[in-house]
Amino acid sequence: MQFKTYPLPGGGELDVYLRTPAPAMPNALRRPLVLVVPGGGYEHVSAREADPVALQFAAAGYHAAVLTYSVGEGARNYQPLRQLSAALALLREHAEAWGVLPEQIAVCGFSAGGHLALSGAVLDLPGGEAAAQQRPNAVLLAYPVVTAGEHAHRGSFVRLSGSEDPADHQKFTLEDRITPDTPPVFVWHTMEDATVPVENTLLLLAALRKNRVPCEVHLFEKGVHGTSVSTAEVDAASAHRAHWVQLAVEWLNDTFDFHLA
């Protein structure tokens, strides 16, 4: 495996985990890639939702990458979305040299990182920037921040907008941005999540169904917010809930028609 790190505009960073091609493995000379977008309420970037997640997808046969994006005051003015677009552009620019299938890049976002991942698929950068904006080919979401309405994780929208006024948060709400052109979505959540209520995922599911977007949703009864891959390494061990990783891999294998088993 090769590991590379690249700076992104505004202080972001992209860490890339590349599976090494070998003539002895002719079916995997080129692979899809999963770009992991950790959460943290746009206040910090969670280490628990970064490297442990990327390595799970690498073990499943995918190239992987982790996005570190601007948070706090740096999250204003669409800066994280710009950094996500720049990361996708960089991955596609180097796709041939790195053995990446450029039209098979998925984003995997957690909590506020889920909001950023889904924003990359459905939210436009302001002005003329949208014309060159890079989009993912599939979206994987874990307990995502979606709505700026009644069930909002309010702090995320305060940091994105720089305002305490809920009216200013509405330009970042995502449930009403879903269209038939939205890429396929896999999403999971826990019913016990008291930080980002499960209604975020339910609102997203309703919008995906209305627009006939291919999707798969899993709701687990147990688990607080932020359980990542649900192992002891991330201090959230649950053999049952940890199945979401394999479910996501199987779904992505079918979505991208990428089968190494």
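Residues numbered from 1 in each chain as written. Predicted model: local features only at pLDDT ≥ 70, side-chain atom pairs only at ≥ 80, totals over all residues. Heavy atoms only, no water.

A. How the structure looks around the overall build of the protein chain. Helix and strand counts for the protein chain come out as eight helices and eight strands. Taken against the 2.2 N^0.38 rule, which gives 18 Å for 261 residues, the C-alpha radius of gyration of the protein chain at 17 Å falls within 12% of a compact globule. Seen through its C-alpha atoms, the protein chain measures out along the principal axes to roughly 60 × 45 × 35 Å. Split into buried and exposed, the 261 residues of the protein chain put 54% on the buried side. The contacts in the protein chain between residues at least 6 apart in sequence include a share of 72% that link residues at least 24 apart. By element, 51% of the accessible surface of the protein chain is carried by carbon and sulfur atoms, the whole surface being about 10,900 Å². One way to put it: in the protein chain the 18 positive side-chain charges average out to a point 3 Å from where the 28 negative ones average out. (Helix = DSSP H or I, 4+ residues; strand = E, 2+ residues; numbered from the N terminus. Rg over C-alpha atoms; globule rule 2.2 N^0.38 Å. Buried < 20%, exposed > 50% of the residue type's maximum accessible area, 1.4 Å probe, protein only. Contact = heavy atoms within 4.5 Å. Areas by Shrake-Rupley, 256 points an atom, 1.4 Å probe, with all protein chains shown as cover. Lys, Arg positive; Asp, Glu negative; His and termini not counted. Charge placed at Lys NZ, Arg CZ, Asp CG, Glu CD.)

B. Representation of helix α4 (residues 112-122) within the structure. Burial runs high along α4: eleven of the eleven residues are buried. Listed as buried for α4 are A112, G113, G114, H115, L116, A117, L118, S119, G120, A121 and V122.

C. The arrangement of the pairing of strand β6 (residues 138-142) in detail. Counting buried positions along β6 gives five out of five residues, so the element sits mostly inside the fold. Neither face of β6 is exposed, since A138, L140 and A142 on one face and V139 and L141 on the opposite face are all buried. Sheet topology places strand β5 (residues 100-110) next to β6; five bridges connect them, and they run parallel. Bridge pairing in β6 links C108 to L140. Regarding the hand of the β-α-β motif, the stretch spanning β5, α4 and β6 is right-handed. Across four bridges, β6 lies against strand β7 (residues 185-190) in parallel orientation. Its bridge partner being in β7, A142 is matched across the sheet by W188. (Pairing = 2+ DSSP bridges. Right-handed = clockwise from strand over helix to strand, strands pointing away.)

D. Structural detail: the nonpolar core. Core analysis: the largest hydrophobic core is formed by 50 residues, its most contacted members being L14, L35 and L67. Setting aside its immediate chain neighbours within four residues, L67 contacts L8, E13, L14, L35, V36, V37, P38, V45, Q83, L84, A87 and L116. (Core = buried A, V, L, I, M, F, W, Y, C linked by side-chain atoms within 4.5 Å.)

E. Spotlight on empty space enclosed by the protein. Scanning the model with the defined rule gives one cavity of 30 Å³ or more in all. Each pocket or cavity is described by its volume, and for the largest cavity that value is around 50 Å³. If one sorts the elements of the lining of the largest cavity by residue count, α4 sits on top with three residues. (1 Å grid on protein atoms, 1.4 Å probe; cavity = no way out; pocket = protein on both sides within 12 Å on 5 of 7 lines; lining within 4 Å. Points joined across faces, edges and corners; volume = space filled by probe spheres on them.)

F. Summary view of the packing of aromatic side chains. Within this structure, the stated rule accounts for eleven aromatic pairs. A ring pair is formed by F110 and W244, whose centres lie 5.9 Å apart and whose planes are at 70°; its orientation type is edge-to-face. Placement of the pair is F110 in strand β5 and W244 in helix α8 (residues 243-256), with a sequence separation of 134 residues. A residue is classified by how much of its surface remains accessible, and F110, at 0% relative accessible area, is buried. In textbook terms, an aromatic cluster arises when at least three aromatic residues are bridged by ring pairs, as seen for F110, Y143, W188, F220 and W244. (Phe/Tyr/Trp six-rings, centres within 6.5 Å; stacked < 30°, edge-to-face > 60°.)

G. Spotlight on the side chain of S119. Tracing the chain through its elements places S119 in helix α4. Side-chain polar atoms of S119 contact the backbone oxygen of H115, separated by 2.7 Å. What S119 contacts, discounting residues up to four positions off in sequence, is L81, Q133, R135 and L174. (Polar contact = N/O pair within 3.5 Å; in protein donor to acceptor, adjacent residues only side chain to side chain.)

H. Spatial organisation of the pairing of strand β3 (residues 31-37). Across the seven residues of β3, seven count as buried, placing the element largely inside the fold. Summarising the sheet, β3 and strand β4 (residues 63-68) pair through four bridges and their orientation is parallel. Along β4, the bridge assignment pairs L33 with H63. Crossover connection from β3 via helix α1 (residues 51-59) to parallel β4: handedness right-handed.

I. Molecular detail of unusual backbone geometry. A positive phi is found at Y78, a non-glycine position, where the angle reads about 65°. Structurally, Y78 can be placed in the loop between β4 and α2 (79-93). The buried category is assigned to Y78, whose relative accessible area is 15%. The backbone of Y143 shows a phi angle near 35°, a positive value even though the residue is not glycine. Here Y143 lies in the loop between β6 and α5 (154-161).

Fair warning: the whole summary comes from geometry, so function is off the table for now.
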